[in-house]
Amino acid sequence: MGEVRPFLEAPRQSCRGAFPIFPLSPSPLSHSLPYTLSPRIYRLGKNKALTAGSFSWVPTEKISFQQSKRKAEENRNIGAGYGYYAVKTRHFSFPAGITAYWYEPYTVQNTLEYQGKYSVCGTGRQPILRNKMENDNYYLLTLAAIAKEIQQRGEKRECAVNLGAGLPLAGFGREKKAFREYLFRSSQPVSFKFEGIAYQVTIQDVRLFPQVCSAIAVHPELIRGEPSVLLMDIGGWTVGLMRLDNGIPNASTCRSLELGMIRCIDEAKEQVRRETGLSVTDAQVERVLAGQSCSMDENARSVIQKQGRIYTEALLSAAMEAGFDLKAVPAVMLGGGASVIQRGIRPQDGLRRVFTLLDDKVNAEGFERILGQFSGGVSKK
C-alpha cells in the first residue's frame, strides 16, 4: 500500500468549544498535504491535531490559563460515547460489558457500588439491544465513566458535572428525548462508590449530540478545502455514514449500517473454528486485527488477517451500495474499527483519499468540546 505518513500538524489551540457543524464554513486550504500514498491515507494519533483557528464556527478568542482553570472548576464537562463494544470518555475507553453481583465481588478494580448492588464494569461487551434503555447497564457505566474522569482530572469527589453524550445519526431525533431522561434522573445528587471510593455527583445537565459530526469539532482541518467529505464512524455494531457538502451536513445522506466490528470479530472466530478447530477469544482477534503481537497458532492468525481484508471489502461495498463513491469522494474514518480498515485497504481499491482517526475517544472529546459552548468552558485537565 506504500508508506503511511502522519498528517502534517501544528499544536492544538485552546478554544472554548463550539457547536461544530450547523453550519460549517471551511476556509481555503492553507497548508499542503503529503501526497505519497496510493490510495492516500493519513493517520492521526490520539494526541495529534491541527489548529482550527481559521474556521468561523470555532471561536478563536484567547482564554488565559487562569480563566480556563476557573471555568473548568465551575463547569466540569464530561463527554461520553456509548457503544456495544466500549464506553469512551476524553481520557478512557473501556469495554461496555458489565457483571452484576448482589454481594461484594472478588475485586475492587472497576467495581461500582450503587444502591446496594455491585457491578464490575469493563467485562466483555454489551449484548445487542435495539433499545439501550431497556436496562440500567448504560446508566451504571456512565457513573463509572464519570468516576474515572473525576479521578483522572484530580477533581473533588463531591461535585457537579455537565454530561455530553452521543447518539447514532439515523436514530438521533427519535431517541434523543428518551435517552436524555434515562441519563438525567430526578434523584440528585447521585451517591455511589467506584473502586472503593465514595462519590457524590450532581448531574446538572445532559446534552446529546450526533455521533460522527462531533469528531469534526476536534479535527476540523480534515474537511478544509474539500467540497464533499464522507464521514464514517465504524463502531461495534453499526457504521454511521454522513456526507458533508461545503462543510454542511447533508441530512439526506445519513445512514446507519449494521456492519460494525462485532460482525467482523464474530466471523473471524467462526472461520478460525472451521479451518483450524480452535476457539479463539474476542481479545485475541482484536489484537491480531490491530497488528499487535499475540501468542497464537499461525494458521489461526492468517485466517484472522484474511477476515480483516474481507471485512474491509464488505464495508467499502456497503458504502457504495448506500450511495457513497469512495473513489470519487475523500473519507474520514473514525471509531474502534478505523485501524482495521486502514490496515485492510489496498492500492487496487482506488480510493480517492482516506484519513483515519486512530483514537477511538475522539467523539467523546468532541462532545465535551461542544458542551463547553453551552456551559461556558471546556475542562483543560
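Residues numbered from 1 in each chain as written. Predicted model: local features only at pLDDT ≥ 70, side-chain atom pairs only at ≥ 80, totals over all residues. Heavy atoms only, no water.

**Quick notes on the overall build of the protein**
Just so we agree on the cut-off: Think of it this way: any DSSP run of H or I at least four residues long counts as a helix, any run of E at least two long counts as a strand, and we number them from the N terminus. Relative accessibility under 20% of the residue-type maximum defines a buried residue, over 50% an exposed one, and the middle range a partly exposed one, all with a 1.4 Å probe and only protein chains included. Here a residue-residue contact requires only that any non-hydrogen atoms of the pair lie within 4.5 Å. Residue-level accessible areas treat just the shown protein chains as cover; the underlying method is Shrake-Rupley with a 1.4 Å probe.
For the protein, the count of helices and strands is eight helices and 17 strands. For the protein, the residues scored as buried account for 53% of the 381 residues in total. A separation of at least 24 residues holds for 72% of the contacts in the protein among residues at least 6 apart in sequence. Carbon together with sulfur atoms contributes 47% to the accessible area of the protein, which is approximately 16900 Å² in total.

**Concerning the confidence of the model for the protein**
To keep it simple, the criterion reads: Think of pLDDT as the predictor's per-residue confidence, scored from 0 to 100.
Across the protein, the average pLDDT comes to 80, with 78% of residues at 70 or higher. The weakest mean pLDDT in the protein belongs to strand E1 (residues 5–6) at 34; the strongest belongs to strand E10 (residues 190–194) at 97. Within the model, the stretch residues 1–69 combines pLDDT values under 50 with 175 contacts to residues more than four positions away or in other chains.

**Re unusual backbone geometry**
Note the cis peptide between glutamine 188 and proline 189, where omega equals -5 degrees. Phi angles above zero are rare outside glycine, and asparagine 110 is one such case at about 60 degrees. With respect to the helices and strands, asparagine 110 occurs in the loop between strand E6 (98–101) and strand E7 (111–114). A positive phi is found at glutamine 115, a non-glycine position, where the angle reads about 50 degrees. By secondary structure assignment, the location of glutamine 115 is in the loop between E7 and strand E8 (117–121). The class for glutamine 115 is exposed, based on a relative accessible area of 64%.

**Quick notes on the pairing of strand E9 (residues 158–167)**
Threshold: Any two strands with at least two DSSP-identified bridges between them are counted as paired.
With nine of 10 residues buried, E9 lies mostly within the body of the structure. Inspection of the sheet shows strand E3 (residues 77–82) paired to E9 by four bridges, in the parallel sense. In the strand pairing of E9, glycine 79 is matched with glycine 164. As judged from the 10 bridges shared by E9 and strand E11 (residues 197–210), these two strands associate in the parallel manner.

**A word on the pattern of salt bridges**
Defined as follows: Each reported salt bridge corresponds to a side-chain nitrogen of Lys or Arg within 4 Å of a carboxyl oxygen of Asp or Glu.
Using the criterion set out here, one finds 19 salt bridges in the structure. Salt-bridge contacts for aspartate 136 lead to arginine 185; the nearest nitrogen and oxygen are separated by 2.9 Å. You can see aspartate 136 sitting in the loop between E8 and helix H2 (137–153) and its partner arginine 185 sitting in the loop between helix H3 (172–183) and E10, a full 49 residues away along the chain. We classify aspartate 136 as partly exposed; its relative accessible area is 40%. By relative accessible area, which is 24% here, arginine 185 ends up partly exposed. For arginine 309, the salt bridge is made with aspartate 349, and the minimal N-O distance between the two is 2.9 Å. Pair noted here: arginine 309 is in helix H6 (residues 298–321) and aspartate 349 is in the loop between helix H7 (338–344) and strand E17 (353–357), with a separation of 40 residues, a long-range link. Classification of arginine 309 by relative accessible area gives buried; the value is 15%.

**Focus on the nonpolar core**
Quick reminder of the rule: Buried Ala, Val, Leu, Ile, Met, Phe, Trp, Tyr and Cys residues that are joined via side-chain atoms within 4.5 Å together make up what is termed a nonpolar core.
One finds Phe192, Met232, Val239, Tyr311, Leu326 and Met333 to be the most contacted residues of the largest nonpolar core, which totals 79 residues. Looking at which element gives the most residues to this core, the answer is H2, with 10 residues. Not counting residues up to four positions away in its chain, the partners in contact with methionine 232 are Val239, Gly240, Leu241, Leu315, Ala319, Leu326, Val332, Met333 and Leu334. Judged by nonpolar contacts, the second largest core, of 17 residues, contains Ile216, Val229, Val332 and Val362.

**So, the packing of aromatic side chains**
In plain terms, the rule: Centres within 6.5 Å make a pair out of two Phe, Tyr or Trp rings, where for Trp the six-membered ring is used; the pair is then stacked when the planes are under 30 degrees apart, edge-to-face when over 60, and tilted otherwise. Cation placement over rings: the criterion is NZ of Lys or CZ of Arg within 6 Å of the ring centroid and within 35° of the ring normal.
Summed over all chains, the structure comprises seven aromatic pairs. Ring geometry for tyrosine 82 and tyrosine 138: centres 6.0 Å apart, planes at 80 degrees, overall edge-to-face. Of this pair, tyrosine 82 sits in strand E3 while tyrosine 138 sits in helix H2, and the two are 56 residues apart along the sequence. An identical accessibility class is assigned to tyrosine 82 and tyrosine 138; each is buried. The ring centre of phenylalanine 94 lies 5.2 Å from the NZ or CZ of lysine 148, which sits over that ring. Lying across the ring of tyrosine 182, arginine 185 places its NZ or CZ 5.1 Å from the centre.

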